[in-house]
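A look at the structure
Chain residues, written in single-letter form:
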Amino acid sequence: RWVSAQIDELVDEGETYGQVAVFYRTNAQSRAFEEAFIRTGMPYRVIGGVRFYERKEIRDAIAYLRAVANRDDDVSVRRIINEPKRGIGARSVDAIAERAARDRISFGEALRQYADLGLGARAVKLLGQFNDFLDTAAALAADAPADEVLGHVLEASGYLASLQGSDDPQDQTRLENLSEFVAVAEEFVQASAVIDVPDDEEIDPDDVPDGDAGLDAFLARVALVADADQLPDADDDGSVTLMTLH
């Protein structure tokens, strides 16, 4: 917020957005700046990297949360069913899709019928494990705050373990991005906490949190930021540059 305010002051003094750059050490650190700029409508571009909410691991994490929150979200369930690789092949996915089309139900609901799809024992076992994972996470999400749900999903799904066990140096960056996304959820939960206001003090109604720290509220908040993140950039001369410094 401070950096955003400083840039606004520079622009008021006659500079242009295109004359300003923000440097940070790792790509994960772009998130805080991106969200601040999105909130104030400040144009920006990320150099040498992808915008935070467009990064694959963040999109995967959001898909996990959406699938947990809404089993009927076919796009999200299909995105994560074998991400990371858990041995669920195309034949299993096709069988679920065929059952969904036959019964006119969602892909996620058809997944519940995994034992009756005519698949082999190994496929049934793997689909059962994935179905149970979604059910367990959904039960947790009914009462737990969003950051707890996100942490559970990343661990229980094996997503973090797959990155931690990888030899790809890029996966360390992906872990850093996921850690930053967990921080987003933690900030959301903290900001949603109900505060006590002394009777003799006045407070702006807009500053009063609604107390909803649940998964649905968090996904709604993320959707607002992620959608704004995909708006077209202004011309390069009119955008603040964000990039890493090594």
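Residues numbered from 1 in each chain as written. Predicted model: local features only at pLDDT ≥ 70, side-chain atom pairs only at ≥ 80, totals over all residues. Heavy atoms only, no water.

1. What about the environment of Asp216?
Summarising the element assignment, Asp216 is placed in helix H11 (residues 215-229). The exposure class of Asp216 is exposed, given its relative accessible area of 56%. Sequence separation between Asp216 and Val68 is 148 residues, and the spatial gap between their C-alpha atoms is 9.9 Å. (Helix = DSSP H or I, 4+ residues; strand = E, 2+ residues; numbered from the N terminus. Buried < 20%, exposed > 50% of the residue type's maximum accessible area, 1.4 Å probe, protein only.)

2. Remarks on the sheet that holds strand S3 (residues 240-244)
Pairing in this open sheet of three strands is parallel, and the strands run S1-S3-S2 from one edge to the other. Looking at the sheet topology across the chains shown, the edges are occupied by strand S1 (21-24) and strand S2 (44-46). Across the sheet, the axes of successive neighbouring strands diverge by a mean angle of 20°, strand direction being ignored. In terms of strand pairing, S2 meets S3 through three bridges, oriented parallel. Looking at the pairing, Val46 lines up with Leu242 of S3. (Pairing = 2+ DSSP bridges. Axes fitted to C-alpha atoms, helices over the stretch in contact; angles between N-to-C directions.)

3. Quick word on helix H3 (residues 56-69)
For H3, which comprises 14 residues, the first-to-last C-alpha distance of 20 Å matches the rise-based estimate of 20 Å (1.5 Å per residue) to within 8%. Along H3, 10 of the 14 residues are buried, which leaves the element largely enclosed by surrounding structure. Among the residues of H3, Glu57, Ile58, Asp60, Ala61, Ile62, Ala63, Tyr64, Leu65, Ala67 and Val68 are the ones counted as buried. (Expected span 1.5 Å × (residues − 1).)

4. Brief notes about the packing of helix H7 (residues 121-141) against helix H8 (residues 146-156)
At their nearest, the axes of H7 and H8 sit 10 Å apart, and the two run at 165° to each other. Comparing their axes, H8 and H7 come out roughly antiparallel. Relative to H8, the crossing made by H7 is right-handed. In this structure, H7 contributes Phe133, Thr136, Ala137, Leu140 and Ala141 to the contact, and H8 contributes Glu148, Val149, His152, Val153 and Ala156. Residues of the contact of H7 with H8, tallied by class, amount to seven nonpolar, two polar and one charged. (Parallel < 35°, antiparallel > 145°, perpendicular 65-115°, else oblique. Left-handed = near helix turned anticlockwise from the far one by under 90°. Contact = heavy atoms within 4.5 Å. Nonpolar A, V, L, I, M, F, W, Y, C, P; charged D, E, K, R; others polar.)

5. Some details on the packing of aromatic side chains
Scanning the model with the defined rule gives nine aromatic pairs in all. Taken together, a centroid distance of 6.2 Å and an interplanar angle of 20° make the contact between Tyr24 and Phe33 stacked. Given a relative accessible area of 6%, Tyr24 falls into the buried group. Look at Phe33 and you get partly exposed, because its relative accessible area is 22%. A network of ring pairs unites the aromatic residues Phe52, Tyr53, Phe181, Phe188 and Phe218 as a single cluster. Across from the ring centre of Tyr44, 4.0 Å away, lies the NZ or CZ of Arg51, which sits over that ring. (Phe/Tyr/Trp six-rings, centres within 6.5 Å; stacked < 30°, edge-to-face > 60°. Lys NZ or Arg CZ within 6 Å of the ring centre and 35° of its normal.)

6. Points about the pairing of S1
Of the two faces of S1, the one lined by Val22 and Tyr24 is fully buried and the one lined by Ala21 and Phe23 carries no buried residue. With four bridges joining them, S1 and S3 adopt parallel strand pairing. Of the residues in S3, the one forming a bridge with Val22 is Leu242.

7. With respect to unusual backbone geometry
In this structure, the amide linkage connecting Glu83 to the following residue, Pro84, adopts the cis form with an omega of 5°. Here Pro84 is to be found in the loop between helix H4 (74-80) and helix H5 (90-103). The backbone of Arg104 sits at a positive phi, close to 55°, despite the residue not being glycine. Within the element layout of this structure, Arg104 appears in the loop between H5 and helix H6 (107-111).

8. A look at the side chain of Asn177
For Asn177, the position within the fold is in helix H10 (residues 170-192). For Asn177, a relative accessible area of 2% puts it in the buried group. A distance of 3.1 Å separates a polar atom in the side chain of Asn177 from a polar atom in the side chain of Arg55. Ignoring sequence-local partners within four residues, the contact set of Asn177 consists of Asn27, Ala28, Phe52, Arg55, Glu57 and Ile58. (Polar contact = N/O pair within 3.5 Å; in protein donor to acceptor, adjacent residues only side chain to side chain.)

9. With respect to the environment of Asn70
Residue placement: Asn70 occurs in the loop between H3 and H4. On a C-alpha basis, the gap between Asn70 and Gly108 in space is 8.7 Å, while along the polypeptide they are 38 residues apart.

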